[in-house]
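Chains, contacts and geometry: an overview
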Amino acid sequence: MFEILEKERIGPGVNRAVISAPAVARAHKPGQFIILRCHQDGERIPLTVADKDVDKGTITLVWQEVGVTTYYMGTMCPGDSLIDVVGPLGTPTHIENFGTVVCVGGGIGVAPLYPITKGMYEAGNHVISILGARTEGLLIMTEDLKKVSTEQLIATDDGSFGIHGFVTQVLQGLIDKGTKIDLVVAIGPVPMMKAVVNVTRPAALPTVVSLNPIMVDGTGMCGACRVEVNGETKFGCVDGPEFDGFAVDFDLLTKRLAMYKGPELVALNKFRETPRGCECTFPEGM
Amino acid sequence: MSEQEEKKAVKPKKPKIPRQKMPEQDPIERAHNFYEVALGYDNDLALLEASRCLKCKKPYCISGCPVEVDIPDFLEMVKAGDLIGAAWKVKEKNSLPRIAGRVCPQESQCEAKCVLNKKGKGEPCAIGRLERYVTDWAAVHGEGKMPQLPKPTGLKVGVVGSGPAGLTLAGALIKKGVAVTVFEALHELGGVLVYGIPEFRLPKAIVRAEVDELRQLGVEFKTNWVVGRTQTVDELLEKEKYDGVFIGTGAGAPLFLKIPGENLNGVYSANEFLTRANLMKAYLFPQADTPIAKGRRVVVFGGGNVAMDSARTALRLGAEEVTIVYRRTMDELPARAEEVHHAVEEGIRFELLAAPLEIIGNEAGWAVGVHCQKMQLGEPDASGRRRPVPIPGETFNIECDTAIVSIGNAANPLVPSTTIGLETNKWGNIVADPESGKTSKDRVWAGGDIVTGAATVILAMGAGRKSALAMMDTFGIG
Ligand SMILES: Cc1cc2nc3c(=O)[nH]c(=O)nc-3n(C[C@H](O)[C@H](O)[C@H](O)COP(=O)(O)OP(=O)(O)OC[C@H]3O[C@@H](n4cnc5c(N)ncnc54)[C@H](O)[C@@H]3O)c2cc1C
Ligand SMILES: Cc1cc2nc3c(=O)[nH]c(=O)nc-3n(C[C@H](O)[C@H](O)[C@H](O)COP(=O)(O)OP(=O)(O)OC[C@H]3O[C@@H](n4cnc5c(N)ncnc54)[C@H](O)[C@@H]3O)c2cc1C
Ligand code: SF4
Ligand code: SF4
Ligand code: FES
């Protein structure tokens, strides 16, 4: 059992929790994720390890409530336990001193971006982080990111905080100014990562993206996580989750993410009718 | 005594009793539920069937069993009504008999060698069914006391993977006073026995009971532990000071056909389809949270046990039509005869001498059909089977909304690629001595599907047993 030691809501529908998982904390490297199950009938879902404390034997998870499992987790409290946490999974980020690295995060993607940014910063890179969200209230972890960035730029779609516009416009601005950039790392919703690649491709800036295909085992056993990279089938959980952004078939990923739309809604509605979990934390609007 | 004489000597005593059928759920009923298909013998049937055994002086049946169960001896005890004794007799050689009795391909192993079969009657003694009967009976009626464990030797062994190979090794070593820790990547123990082979063939409660027995003997289990990620084999040896490590990680990486359309929605590997259904209990959705595509028209590519299991699972999930597409004919199907027979009874369609060329998709990215090539059998290939060759220009389409690729599994590279100095062959299988399981790396043994490629439960168990003996030899205990 993996006890939840701390939990807080850090944005609308976004939670952060510190979980006891010493073996994962010990082995984890930036870019890696875990797979968890909340209860006996639960689904296995992947979440990035957003931070860790090896001495305390803990990992931090940050998640957005989008379906039955992430909503359920939203109703769990300190003292509750996840029945399964397995990891760390996936190939770690390739970290070295590249020179200048731009880390672009959108929405919940800022959470998985954090350990990578930290790794790049600690490796001596000049790190520019560009964070974005629809509106100010949805921005997460900006302070955490700031501590591991040389420069930080923030954009909101509605202009309620920072630059008015998309992260891609900010990135385009840097390129147009002639900023020397050696590597771009982009994590966020699929349309955002696709848009980033559309900006970096003409400038021939190497771009790493982190993909979030649907997964089951996370060890290369099932093939649920198939993505196409350079026209070749790859398994997101073992070959990734990070890939060369120029080579990824984002349209296929989008279609595959919609595979269980119907059943997911059924499960969520059932959850809404008979919510489980701790009453003190029922998500808003339920 | 020659075989001829032997037959003569016993013949007059034996009335002709036919091989006893095992009661089964009605095919129409069972095609809609996940309960076990074969219901097992009752006492009368078991006695009658056991009485058919001739207690041969030279029991060929034993030579057909990879773990050499003392078949005539245990059958003799059944005849004498000593079912507990019979169960213990089986367990001397076979540590997972309730499982083997259900899933062993007996028709090509012990029963193939039984003299009652050899004499051309094709009616061998139903060894597997009796093995199942006595060990099920013993599990329900108490098996007497646990074996006496020897004093701990102070040795400890790490086992990677909780499939039949790893479980068998764990059982053999714990009984010799070796501390055993089993590391398993998934959240449940049993390997293919829990995530692959469906409930209707092998109830999970049986696997759980076998695992619990090992736990009671003192085997430690660590689930959610991916060796190569959570900890490497080298760390287990150097940091955690295990005296030996056994790798039994199975052949878990699914192969795909490499044809257009294979990444469309609705296209599964058999591993994913079966894992969702079995391990994640997707057939209970939405009571269980994991969804699965409930196809109306399902196509399965392949002809092995895994293909049969996928097809029959799809049927039970509510498919109206399930078609197995196989390159050769019924005679070459690699699946167990009983599985094919059950599939046919349940109404699975067979599209034989056909191979998929492309999976056709719609705008939204869902599979809607399969474009197939007609085949014919040509010259025999290296394996002696006649090779299927395309008939030029003859193609056809099958409509479908779900397609399940069941053409085999390759070795998962996770452990070899993270272990220093572990030799693999060109297919990525770990190179290990067939008699001892010893690998190229000091203090590391391996066995089961990760060494042989996809094989059988009983061969994996045999490999686990051999490695256990080899380890004891190395440690100087035994
Ligand atoms: C490597 C990796 C790292 C991830 N890290 C994070 C993270 O740090 N924080 C975070 O909030 N989310 C993360 N995700 C996405 C997260 O796994 C999904 O949001 C979650 O599985 C949804 O489960 P659900 O039951 O709540 O919703 P569901 O009802 O199952 O799904 C809602 C939607 O989420 C997507 N989804 C469903 N199942 C999965 C799945 N198994 N994997 C990915 N997406 C899925 C689909 O688009 C689906 O339509 C990550 C995904 C991957 C693959
Ligand atoms: C659907 C299906 C039906 C079958 N039907 C039959 C049948 O009827 N009769 C028969 O005899 N055989 C059958 N087989 C074959 C049989 O199940 C296998 O040959 C047998 O299970 C192999 O045993 P194993 O111990 O080598 O590995 P497995 O049973 O594959 O177990 C390996 C275990 O290791 C774990 N593992 C892998 N990597 C790691 C890691 N890095 N760290 C920790 N754990 C890890 C896996 O999660 C798994 O639990 C079938 C196979 C399938 C897939
Ligand atoms: S273990 Fe398998 S091969 Fe051996 S006797 Fe039992 S059923 Fe036959
Ligand atoms: S099972 Fe068959 S071969 Fe074995 S002893 Fe009995 S009759 Fe002889
Ligand atoms: S999640 Fe199963 S292979 Fe990647």
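On a predicted model such as this, the values are computed, not experimentally measured, just so you know. (Residues numbered from 1 in each chain as written. Chains lettered and ligands numbered in written order. Predicted model: local features only at pLDDT ≥ 70, side-chain atom pairs only at ≥ 80, totals over all residues. Heavy atoms only, no water.)

**Brief notes about the overall build of chain B**
- Each helix and strand counted, chain B has 20 helices and 15 strands in total.
- At 23 Å, chain B has a C-alpha radius of gyration in line with the 23 Å of a compact globule built from 478 residues.
- Projecting the C-alpha coordinates of chain B onto the three principal axes gives extents of approximately 65 × 65 × 50 Å.
- Residues counted as buried form 57% of the 478 residues belonging to chain B.
- When contacts within chain B are restricted to residue pairs at least 6 apart in sequence, those whose partners lie at least 24 apart make up 68%.
- Taken as two groups, the 60 positive and 60 negative side-chain charges of chain B have centres that lie 5 Å from each other. (Helix = DSSP H or I, 4+ residues; strand = E, 2+ residues; numbered from the N terminus. Rg over C-alpha atoms; globule rule 2.2 N^0.38 Å. Buried < 20%, exposed > 50% of the residue type's maximum accessible area, 1.4 Å probe, protein only. Contact = heavy atoms within 4.5 Å. Lys, Arg positive; Asp, Glu negative; His and termini not counted. Charge placed at Lys NZ, Arg CZ, Asp CG, Glu CD.)

**Description of the sheet that holds strand β15 (residues 444-446) of chain B**
Residues and elements named next belong to chain B.
- With parallel pairing, the five strands of this open sheet are ordered in space as β3-β2-β1-β4-β15. Edge positions in the open sheet fall to β3 (220-222) and β15, since each of these has one partner strand only. Pairs of neighbouring strands in the sheet enclose a mean axial angle of 20°, with direction left out of account.
- Sheet analysis places strand β2 (residues 179-183) next to β3, joined by three bridges and oriented parallel. Paired with Val182 across the strands is Phe221, a residue of β3. (Pairing = 2+ DSSP bridges. Axes fitted to C-alpha atoms, helices over the stretch in contact; angles between N-to-C directions.)

**Points about the site of ligand 1**
Residue and element names in this part refer to chain A.
- Taken together, the neighbourhood of ligand 1 is formed by 21 residues, with Pro46, Val62, Gln64, Thr70 and Glu264 sitting nearest.
- Within the contact set of ligand 1, an oxygen atom lies 2.6 Å away from a backbone nitrogen or oxygen of Pro46.
- When the free accessible area of ligand 1 is taken as 840 Å², the share hidden by the protein chains comes to 89%.
- Mapped onto the shell around ligand 1, the elements with two or more residues apiece are β4 (45-48), β6 (58-64) and α2 (68-74).
- Considering every element that reaches the shell around ligand 1, the biggest residue donor is β4, with four residues.
- In terms of residue class, the shell around ligand 1 is built from 13 nonpolar, six polar and two charged. (Near = heavy atom within 4 Å. Polar contact = N/O pair within 3.5 Å; in protein donor to acceptor, adjacent residues only side chain to side chain. Areas by Shrake-Rupley, 256 points an atom, 1.4 Å probe, with all protein chains shown as cover. Nonpolar A, V, L, I, M, F, W, Y, C, P; charged D, E, K, R; others polar.)

**With respect to the packing of aromatic side chains**
Residues and elements named next belong to chain B.
- Applying the stated criterion across every chain, the model contains eight aromatic pairs over all chains.
- Across the ring face of Phe200, the terminal group of Arg316 is positioned such that the distance to the ring centre comes to 3.8 Å.
- Directly above the ring of Trp445 sits Lys438, whose terminal nitrogen or CZ lies 4.9 Å from the centroid. (Phe/Tyr/Trp six-rings, centres within 6.5 Å; stacked < 30°, edge-to-face > 60°. Lys NZ or Arg CZ within 6 Å of the ring centre and 35° of its normal.)

**Re the interface of chain A and chain B**
- With 46 residues of chain A at the interface, the matching set in chain B holds 42 residues.
- At the boundary of chain A with chain B, total buried surface from both sides reaches about 3,500 Å², with 54% on carbon and sulfur atoms.
- Of all residues in chain A, A:Met221, A:Arg226 and A:Met259 bury the most surface against chain B, accounting for 19% of the area lost on that side.
- At the junction of chain A with chain B, the criterion picks out one salt bridge.
- The closest approach of N and O atoms between A:Asp41 and B:Lys281, which form a salt bridge, is 3.7 Å.
- Inspection of the region where chain A meets chain B yields 19 residue pairs in polar contact (both at pLDDT 80 or more).
- At the level of secondary structure, the elements contributing two or more residues to the side of chain A that touches chain B comprise α1 (22-27), β8 (84-89), β15 (226-229), β16 (232-235), α8 (250-257) and α9 (261-273) of chain A.
- Here the side of chain A that touches chain B takes six residues from β8(A), the largest share from any one element.
- Across the side of chain A that touches chain B, the residue classes break down as 22 nonpolar, eleven polar and 13 charged. (Buried area = accessible area lost by both parts, 1.4 Å probe. Salt bridge = Lys/Arg side-chain N within 4 Å of Asp/Glu carboxyl O.)

**Thoughts on the site of ligand 4**
- Neighbouring residues of ligand 4: B:Cys53, B:Leu54, B:Cys56, B:Cys61, B:Pro72, B:Cys114, B:Val115, B:Cys125 and B:Ile127.
- Residue composition of the shell around ligand 4, grouped by class: nine nonpolar, no polar and no charged.

**Some thoughts on the side chain of B:Glu111**
Residues and elements named next belong to chain B.
- Checked against the element boundaries, Glu111 lands in helix α8 (residues 110-113).
- We classify Glu111 as buried; its relative accessible area is 4%.
- Polar contacts involving the side chain of Glu111 include one to the main-chain amide nitrogen of Gly128, which spans 3.1 Å.
- Ignoring any residue separated from it by four or fewer positions in sequence, one finds Glu111 in contact with Arg19, Gln106, Asn117, Pro124, Cys125, Ala126, Ile127 and Gly128.

**Observations concerning the side chain of B:Asn429**
All names here are of chain B.
- Tracing the backbone through its elements, the reader meets Asn429 in the loop between α18 (414-418) and β15.
- A distance of 3.1 Å separates the side chain of Asn429 from the backbone oxygen of Ile450, its partner in a polar contact.
- Contact partners of Asn429, with chain neighbours within four places excluded, come to Ala411, Glu423, Thr424, Asp449, Ile450, Val451 and Gly453.

**Details of the nonpolar core**
Residues and elements named next belong to chain B.
- By size, the foremost hydrophobic cluster in this structure holds 78 residues, and its most contacted members are Ile71, Phe74, Ile99 and Leu173.
- Considering every element that reaches this core, the biggest residue donor is helix α20 (residues 457-475), with eight residues.
- Here this core gathers at least three residues from each of two domains, domain 1 (17-141) and domain 2 (156-252 + 412-475).
- Beyond its immediate chain neighbours, meaning those up to four positions away, Phe74 contacts Val69, Ala86, Lys89, Val90, Ile127, Leu130, Glu131 and Val134.
- Counting residues in each nonpolar core, the second largest holds 32 residues, with Val37, Leu317, Ala319 and Ile348 among its members. (Core = buried A, V, L, I, M, F, W, Y, C linked by side-chain atoms within 4.5 Å. Domains from an automatic or database assignment.)

**Section: the sheet that holds β4(A)**
Residue and element names in this part refer to chain A.
- Spatial strand order, β4-β3-β8: three strands in an open sheet with antiparallel pairing. The open sheet is flanked by β4 and β8, the only strands paired with a single partner. Taken pair by pair, the neighbouring strands of this sheet meet at an average axis angle of 25°, ignoring direction.
- Of the pairings in the sheet, the one linking strand β3 (residues 33-37) to β4 comprises four bridges and is antiparallel in character. Each bridged residue has a counterpart across the sheet, and for Ile34 the counterpart in β4 is Leu47.

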